[in-house]
Amino acid sequence: MREFSYTIKDEVGLHARPAGELVKEAKKYKSKITICKDGKSVEATKLMAIMGLGVKCGQSVEVSVDGEDEDIAYEAMKTFFETNL
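What counts and what doesn't
For every chain, the first residue of its written sequence is number 1, and the numbers climb from 1 along that sequence. Totals for whole chains, interfaces and linings use all residues, but because this is a predicted model, local features are given only for residues with pLDDT of at least 70 and pairs of side-chain atoms are given and counted only at 80 or more. To obtain the side-chain values, all non-hydrogen atoms of the structure were included, while hydrogens and water were left out. By definition, any uninterrupted DSSP run of H or I lasting at least four residues is a helix, any uninterrupted run of E lasting at least two residues is a strand, and each is numbered from the N terminus. Working definition: with a 1.4 Å probe on protein chains only, accessible area under 20% of the residue-type maximum means buried, over 50% means exposed, and in between means partly exposed. Charge counting treats Lys and Arg as positive and Asp and Glu as negative, with His and both chain ends excluded. A pair is scored as a salt bridge if a Lys or Arg side-chain nitrogen falls within 4 Å of a carboxyl oxygen belonging to Asp or Glu. Definition of a polar contact: a pair of N or O atoms within 3.5 Å, with one able to donate and the other able to accept a hydrogen when the atoms are protein atoms, and with sequence-neighbouring residues admitted only if both atoms are side-chain atoms. Here, residues are in contact when the closest pair of their heavy atoms is within 4.5 Å. Candidate patch residues must exceed 30% relative accessible area and have no salt bridge, after which like charges are joined if within 9 Å and Val, Leu, Ile, Met, Phe, Trp or Tyr side chains if within 5 Å. All accessible-area figures derive from a Shrake-Rupley calculation using a 1.4 Å probe, and residue coverage is judged against the displayed protein chains alone.

1. Quick look at the side chain of Glu 70
Step number 1: Mapped onto the elements of the fold, Glu 70 is located in helix H3 (residues 70–84).
Step number 2: As a buried residue without a salt bridge, Glu 70 has its nearest oppositely charged side chain in Arg 2, at a separation of 5.7 Å.
Step number 3: Looking at Glu 70, its side chain comes within polar contact range of the main-chain nitrogen of Gly 67, at 3.1 Å.
Step number 4: Excluding anything up to four places from it in sequence, Glu 70 contacts Met 1, Arg 2, Ser 31 and Val 65.

2. Digging into a nonpolar patch on the surface
Step number 1: The grouping of Leu 47, Met 48 and Met 51 at the surface amounts to a nonpolar patch, some 290 Å² of accessible area in total.
Step number 2: Tracing the sequence through the fold places Leu 47 in helix H2 (residues 47–52).
Step number 3: Leu 47 sits in the partly exposed class, given a relative accessible area of 33%.

3. As for the side chain of Ser 31
Step number 1: Note that Ser 31 resides in the loop between helix H1 (16–26) and strand S2 (32–37).
Step number 2: Reaching out from Ser 31, the side chain makes a polar contact with the side chain of Asp 69 at a distance of 2.5 Å.
Step number 3: Setting aside residues no more than four positions away along its own chain, Ser 31 makes contact with Val 65, Asp 66, Gly 67, Glu 68, Asp 69, Glu 70 and Ala 73.

Laid out in structure tokens, this is it:
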């Protein structure tokens, strides 16, 4: 399992558009990708669950990747967060 922490920089937080893009990216991999905020953990392939976290600008999330392609998925997720959020 690989993990990283990321502080959201997008002014409106993790809203519908980037959350939808995040789900698309996460579905490309076999590994289970999980996003955690304030002790609540959701799968990155579930749009409504991600939006339910209510992540705002300046808040941090923990992202964990576990599975057979975790190294590739980890790098892709880290790049996605840094580029889009």
